[in-house]
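# Notes for the structure review
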Amino acid sequence: QVQFVESGGGLVQPGGSLRLSCAASAFTFSRDTMRWYRQAPGKDREMVASILGSGLFTNYAESVKGRFTISRDNVKNMVYLQMSSLKPEDTAIYYCNRADNQGSPRDNWGQGTQVTVSS
């Protein structure tokens, strides 16, 4: 099991930007696909961004494509989510996790970080 600590969330106006960080405790972190998820009140958790261990491959949900950018620093065991042009519907708790070979979350969930987009 790998543990995660998410940070960087906060309150931002529509059209604003935030950068989320995820610190992972994994000795083989560079080999692991990492994903960002979010969960809004009353909704299921959804995947919003994915990045291959090498960092060369990324994938995004259609709802965030062109606005969010996922990146990683394997030396620091960190994953980031740069969020721009934020919309009220982006309001959610954001989590990170490893993905197994079938794309499912691999480890226990961390506390997440709250993102609120409101004027």
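Higher on the page you've got the structure.
Reference entry: report on the structure contained in this document.

The rules behind these values
Residues numbered from 1 in each chain as written. Predicted model: local features only at pLDDT ≥ 70, side-chain atom pairs only at ≥ 80, totals over all residues. Heavy atoms only, no water. Core = buried A, V, L, I, M, F, W, Y, C linked by side-chain atoms within 4.5 Å. Buried < 20%, exposed > 50% of the residue type's maximum accessible area, 1.4 Å probe, protein only. Helix = DSSP H or I, 4+ residues; strand = E, 2+ residues; numbered from the N terminus. Contact = heavy atoms within 4.5 Å. Pairing = 2+ DSSP bridges. Salt bridge = Lys/Arg side-chain N within 4 Å of Asp/Glu carboxyl O. Phe/Tyr/Trp six-rings, centres within 6.5 Å; stacked < 30°, edge-to-face > 60°. Lys NZ or Arg CZ within 6 Å of the ring centre and 35° of its normal.

Right, let's talk about the nonpolar core for a bit. Membership of the largest hydrophobic core comes to 29 residues, with the highest contact counts inside it found for Met34, Trp36, Ile70, Leu81, Met83 and Tyr94. Put simply, the parts of the chain that give this core at least two residues each are β3 (18-24), β4 (33-39), β5 (46-51), β7 (68-73), β8 (78-83), β9 (92-99) and β10 (113-117). Among all residues touching leucine 81, those that are not within four sequence positions of it are Leu18, Arg19, Leu20, Trp36, Val48, Ala49, Phe68, Thr69, Ile70 and Tyr94.

The subject of this paragraph is the environment of valine 64. Here valine 64 is to be found in the loop between β6 (58-60) and β7. Between the alpha carbons of valine 64 and leucine 86 there is a distance of 9.1 Å; along the sequence they are 22 residues apart.

Our next topic: the pairing of β5. Bridge count between β4 and β5: five bridges; the pairing is antiparallel. Bridge pairing in β5 places arginine 35 opposite serine 50. The loop that links β4 with its antiparallel partner β5 comprises six residues; one of these, glycine 42, has a positive phi angle of about 75°. Of the strand pairs in this sheet, β5 and β6 are connected by three bridges, and their pairing is antiparallel. What sits directly across from alanine 49, in β6, is tyrosine 60.

Throughout the structure, instances matching the rule amount to seven salt bridges. Linking aspartate 90 and arginine 38 is a salt bridge whose minimum nitrogen-to-oxygen distance equals 2.9 Å. Linking aspartate 90 in the loop between β8 and β9 with arginine 38 in strand β4, this pair joins segments that are 52 residues apart in sequence. For the pair formed by aspartate 90 and arginine 38, the shared burial category is buried. Residue aspartate 107 pairs with arginine 98 through a salt bridge whose shortest N-O separation is 2.6 Å. Given a relative accessible area of 7%, aspartate 107 falls into the buried group. Judged by relative accessible area, arginine 98 falls into the buried class, the value being 7%. Linked through salt bridges whose partners overlap, the residues forming this network are Asp32, Arg98, Arg106 and Asp107.

Bringing the packing of aromatic side chains into the picture now. Under the criterion given, the structure shown has two aromatic pairs. Here tyrosine 95 and tryptophan 109 contribute two aromatic rings whose centre-to-centre distance is 5.8 Å and whose plane-to-plane angle is 70°, an arrangement assigned as edge-to-face. In this pair, tyrosine 95 is assigned in strand β9 and tryptophan 109 in the loop between β9 and β10, connecting sequence segments 14 residues apart. Aromatic ring contacts, followed pair by pair, group Tyr37, Tyr95 and Trp109 into a single cluster. We note arginine 19 situated over the ring of tyrosine 80; from NZ or CZ to the ring centre the distance is 4.0 Å. Across the ring face of tyrosine 95, the terminal group of arginine 45 is positioned such that the distance to the ring centre comes to 4.6 Å.

Take the environment of serine 71 next. You can see serine 71 is positioned in strand β7. Accessibility expressed as a relative area gives 30% for serine 71, which makes it partly exposed. Residues serine 71 and serine 7, spaced 64 residues apart in sequence, show a C-alpha to C-alpha distance of 15 Å. Discounting chain neighbours no more than four positions away, the residues touching serine 71 are Ile51, Met78, Val79 and Tyr80.

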